[in-house]
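Coordinate analysis (summary)
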Amino acid sequence: MAGTTLGFIGAGQMARALAHGFVSAKLLDASSLTAADPVPAAAEKLASELPGLKVAASNVAIASSCDVVVLAVKPQAMSAVYQELGGKLAGKLVVSIAAGISLAKLCEGLKTQRVVRVMPNTPALVGKGASAYALAAGATAEDGALVGKLLAAVGTAHQVDEKLLDAVTGLSGSGPAYVYLIIEALSDGGVKAGLPRNLSTALAAQTVLGAAEMVLARGEHPGVLKDAVASPGGTTIAGLATLEDRGVRGALIAAVDAATKRSAELGK
Ligand SMILES: NC(=O)C1=CN([C@@H]2O[C@H](COP(=O)(O)OP(=O)(O)OC[C@H]3O[C@@H](n4cnc5c(N)ncnc54)[C@H](OP(=O)(O)O)[C@@H]3O)[C@@H](O)[C@H]2O)C=CC1
Ligand SMILES: O=C(O)[C@@H]1CCC=N1
């Protein structure tokens, strides 16, 4: 990736996660990154965290100076970006990470077909992201490979049909928040049972990490791994029965479904 310059339109949570991830993975130097934000302090904060990252005076400056332009604004701010950058992105690879906004709308608004729609997630910041992406008609196989390489440097990356991206958003895009809620609740349970808070949160987070590693590393069905924890008449089955009784499984399915529908709504 040497020599590739990448600019973020919007310097919020997800731009920060990706910028840190790219630099930590040594895929891009901070000096090859630029960010612009209507509140310059947001981009300046990112520059202070990643010395060498440049703060651009405007979105147009990024569009003219960077090879890859990452649209990292809320979906609701995208029409303002169309107004500013539409027709000014010739020769640039545009990457949108906005939830719900289709490739067709992006291409129409930006007046370019060289667009890749990505759904990343914030654990990219620590190299443990989960992303999926889809290419517009004008994005080349090389463009797809470049985006795949960027995303793979900060976690896993899957090229998918665009029609799957709302579901990806509902699962892995929003999913870190579900898992933080679960970790917080597990920690509360530990505190209720008498554990000190720091120990309880550390045990809860490591348990989620270890369980996830078991699924990914061993490739076993999560139900099989669950059964291996539950001894007959033991502690785990007592806990599992309570989770089933409270509808946790259905609640998680409904959460992904609701977030998927919201992603589709945001694109309308
Ligand atoms: N956060 C997450 O976990 C994930 C987010 N996403 C997607 O990433 C995108 C960004 O989300 P997130 O980082 O959370 O949002 P943030 O609100 O944290 O960041 C967006 C930034 O863009 C700025 N901004 C607003 N309008 C413009 C504009 N016209 N030009 C340049 N910058 C602008 C905002 O400024 P101001 O606050 O002043 O409006 C803000 O600083 C969204 O589309 C979201 O769907 C995707 C996956 C995960
Ligand atoms: O909550 C949101 O809309 C964004 C998209 C995925 C994660 N955060």
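Residues numbered from 1 in each chain as written. Chains lettered and ligands numbered in written order. Predicted model: local features only at pLDDT ≥ 70, side-chain atom pairs only at ≥ 80, totals over all residues. Heavy atoms only, no water.

Looking at the pairing of strand β1 (residues 6–9)
As a reminder, the rule being used: For each residue, the accessible area found with a 1.4 Å probe, counting protein chains only, is set against the maximum for its type, and the residue is called buried under 20%, exposed over 50%, and partly exposed in between. Secondary structure elements follow DSSP: runs of H or I of four or more residues count as helices, runs of E of two or more count as strands, with numbering from the N terminus. Strands pair, by our definition, only if DSSP identifies at least two bridges between them.
With burial as the criterion, each face of β1 is covered, one bearing Leu6 and Phe8 and the other bearing Gly7 and Ile9. Note that β1 and strand β2 (residues 33–36) share 4 bridges and pair parallel. Within β2, the position partnered with Phe8 by the bridge is Ala35. As paired elements, β1 and strand β4 (residues 68–71) share 4 bridges and run parallel to each other. For Ile9, the partnering residue across the bridge sits in β4 and is Leu71.

Some remarks on helix α2 (residues 40–49)
Where we set the bar: The arc in question is the one traced by the directions running from the helix axis out to the C-beta atoms. Only heavy atoms enter the contact rule, under which two residues are in contact if any of them lie within 4.5 Å.
If you check which residues of α2 are buried, you get Ala43, Leu46 and Ala47. Projected down its long axis, α2 carries its buried residues within an arc of 100°, all on one side. In this structure, the buried residues of α2 make contact with α1 (13–24), β2 and β3 (54–55).

Examining the site of ligand 1
Heads up, the condition is: Being near a molecule or strand, for a residue, means having at least one of its heavy atoms within 4 Å of it. In protein, a polar contact means a hydrogen-donor-capable atom and an acceptor-capable atom, both N or O and within 3.5 Å, with residues adjacent in sequence counting only if both atoms are side-chain atoms; elsewhere, any N or O pair within 3.5 Å suffices. Computed with a 1.4 Å probe, the accessible areas rest on the Shrake-Rupley method; for each residue, only the protein chains presented here act as cover. Here the nonpolar group is Ala, Val, Leu, Ile, Met, Phe, Trp, Tyr, Cys and Pro; Asp, Glu, Lys and Arg are the charged ones; every other residue, Gly included, is treated as polar.
The environment of ligand 1 is formed by 22 residues, the closest being Gln13, Met14, Asp37, Asn59 and Val73. Between ligand 1 and Gly10 there is a distance of 3.5 Å, counted from a nitrogen atom to a backbone nitrogen or oxygen. The contact in question runs from an oxygen atom of ligand 1 to an N or O atom on the backbone of Val73, over 2.5 Å. For ligand 1, the accessible surface in isolation is 890 Å², of which the surrounding protein chains cover 75%. Within the shell around ligand 1, the residues separate by chemical class into 15 nonpolar, 5 polar and 2 charged.

Concerning the nonpolar core
We count it as follows: Remark: nonpolar core denotes a set of buried residues (Ala, Val, Leu, Ile, Met, Phe, Trp, Tyr, Cys) joined through side-chain atoms within 4.5 Å.
The biggest cluster of nonpolar side chains holds 34 residues, and the ones touching the most others in it are Leu6, Phe8, Leu18, Phe22, Val118 and Val147. Take this core: its biggest share by element is 6 residues, from α1. With residues near it in sequence (within four places) discarded, Phe8 still touches Ala15, Leu18, Ala19, Phe22, Leu33, Thr34, Ala35, Ala36, Ile62 and Val70.

Focus: the site of ligand 2
Taken together, the residues surrounding ligand 2 are Ala99, Gly173 and Ser174. Starting from 240 Å² of accessible surface for ligand 2 in isolation, the protein chains cover 49%.

Examining the sheet that holds strand β5 (residues 93–96)
With mixed pairing, 8 strands are arranged side by side in an open sheet as β3-β2-β1-β4-β5-β6-β7-β8. Unpaired on one side and paired on the other, β3 and β8 (155–159) mark the two borders of the sheet.

Considering the domain arrangement of the chain
Quick note on the threshold: Domain extents, as shown, originate in an automatic or database domain assignment. Salt bridges are identified by distance alone: a Lys or Arg side-chain nitrogen within 4 Å of an Asp or Glu carboxyl oxygen.
Along its sequence, the chain is carved into domain 1 (6–165) and domain 2 (175–266). For domain 1 versus domain 2, the distance between C-alpha centres works out to 32 Å. Taken together, the 8 residues of domain 1 in the interface contact 5 residues of domain 2. Applying the counting rule to domain 1 against domain 2 returns 0 salt bridges. For the interface between domain 1 and domain 2, the tally reads 1 residue pair in polar contact (both at pLDDT 80 or more). Grouping the amino acids of the side of domain 1 that touches domain 2 by side-chain chemistry returns 4 nonpolar, 4 polar and no charged.

Considerations on the UniProt feature "domain: Pyrroline-5-carboxylate reductase dimerisation" (unreviewed entry) in the chain
In plain terms, the rule: UniProt positions are given in the numbering used here, feature names are shortened, and annotations may be inferred rather than shown by experiment.
Summarizing the sequence annotation, UniProt attributes the feature "domain: Pyrroline-5-carboxylate reductase dimerisation" (unreviewed entry) to residues 162–266 in the numbering used throughout. Counted over residues 162–266, helix gives 83% and strand 0%. Its end C-alpha atoms are 15 Å apart.

Quick notes on helix α4 (residues 78–85)
What α4 keeps buried is the set Met78, Val81, Tyr82 and Leu85. Considered in projection along α4, the buried side chains sweep an arc of 105° and stay on one side of the axis. Structurally, α4 contributes buried residues whose contacts are with β1, α3 (59–65), β4, β5 and α5 (103–110). Of the residues trailing α4, Gly87 is marked for its positive phi of about 80°.

Concerning the UniProt feature "domain: Pyrroline-5-carboxylate reductase catalytic N-terminal" (unreviewed entry) in the chain
The positions that UniProt labels "domain: Pyrroline-5-carboxylate reductase catalytic N-terminal" (unreviewed entry) are, in the present scheme, residues 6–100. Within the segment residues 6–100, helix and strand shares are 39% and 19% respectively, and the terminal C-alpha atoms sit 23 Å apart.

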